[in-house]
Amino acid sequence: MSEKLSVLVVCLGNICRSPVGEAVLRHVAQERGIDITVDSAGTSNYHIGEDPDDRSIAICRKFKVPIKHSARQVQADDFRRFTHILAADEANLRNLNRVKPRDAKAEVRLWGSYLDNAPIPDPYYGGMDGFEEVYHQCVKLSNAFLDEVVGKSTQGVE
């Protein structure tokens, strides 16, 4: 790959799934020795400027994964700056494809399409169990994504 791998993880509000996904993907790539730029954003403007949900921060801390993010909304330039944009679910994938500019260079896909086509369920209205499930799903998806895009020569991280 001649261009540096850069990924934008996207959910609705950018306070639950996508900041966890961003933190986990960055951590897994680092553990595997992969040079990557990772960011996250939301398709909505509900939480712009907010920190991740306290439960997102807690679950990342539980597994010793650094997380620091300020919520933002997806911008047209994101489609030109990133090599890959990974949607948490089908609704966000549809929204991304709807606003994608004609000169987009990013590959826009459901993150689950790299593994089992399953969406990442929104844990916002539930308890910590939902956030832990999101965390473990993001670990699996991060490894599956990196396996496909970079190659399986690097070791998977649990």
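These notes cover the structure that comes with them. Values in this document were obtained by computation on a predicted structure and should not be read as measured data. (Residues numbered from 1 in each chain as written. Predicted model: local features only at pLDDT ≥ 70, side-chain atom pairs only at ≥ 80, totals over all residues. Heavy atoms only, no water.)

1. As for the overall build of the protein chain
- Within the protein chain, the secondary structure is distributed over five helices and four strands.
- Of the regular secondary structure in the protein chain, the N- to C-terminal order runs β-α-β-α-α-β-α-β-α.
- Relative to the globule expectation of 15 Å for 158 residues, the C-alpha radius of gyration of the protein chain, 14 Å, shows essentially globular dimensions.
- The dimensions of the protein chain, computed from C-alpha atoms along their principal axes, are 40 × 35 × 25 Å.
- Residues counted as buried form 54% of the 158 residues belonging to the protein chain.
- Of the contacts formed within the protein chain by residues at least 6 apart in sequence, a portion of 72% connects residues at least 24 apart.
- Accessible area for the protein chain stands at about 8000 Å²; split by element, carbon and sulfur atoms hold 47% of it. (Helix = DSSP H or I, 4+ residues; strand = E, 2+ residues; numbered from the N terminus. Rg over C-alpha atoms; globule rule 2.2 N^0.38 Å. Buried < 20%, exposed > 50% of the residue type's maximum accessible area, 1.4 Å probe, protein only. Contact = heavy atoms within 4.5 Å. Areas by Shrake-Rupley, 256 points an atom, 1.4 Å probe, with all protein chains shown as cover.)

2. With respect to the side chain of Ser-44
- Secondary-structure assignment places Ser-44 in the loop between β2 (36-42) and α2 (54-62).
- Overall, the relative accessible area of 8% leaves Ser-44 in the buried class.
- Within the structure, the side chain of Ser-44 is placed 2.8 Å from the backbone oxygen of Leu-12, a separation counted as a polar contact.
- A polar side-chain atom of Ser-44 sits 3.5 Å from the main-chain amide nitrogen of Tyr-46. (Polar contact = N/O pair within 3.5 Å; in protein donor to acceptor, adjacent residues only side chain to side chain.)

3. Overview of the packing of helix α1 (residues 17-31) against helix α5 (residues 128-149)
- As a packed pair, α1 and α5 sit with axes 9 Å apart at the nearest point and diverge in direction by 50°. The orientation of α1 with respect to α5, classified from their angle, is oblique. Along this stretch, α1 crosses α5, giving a crossing that reads as right-handed. Judged by residue contacts, Arg-17, Val-20, Gly-21, Val-24, Leu-25, Val-28 and Ala-29 of α1 engage Val-134, Tyr-135, Cys-138, Val-139, Ser-142, Asn-143, Phe-145 and Leu-146 from α5. (Axes fitted to C-alpha atoms, helices over the stretch in contact; angles between N-to-C directions. Parallel < 35°, antiparallel > 145°, perpendicular 65-115°, else oblique. Left-handed = near helix turned anticlockwise from the far one by under 90°.)

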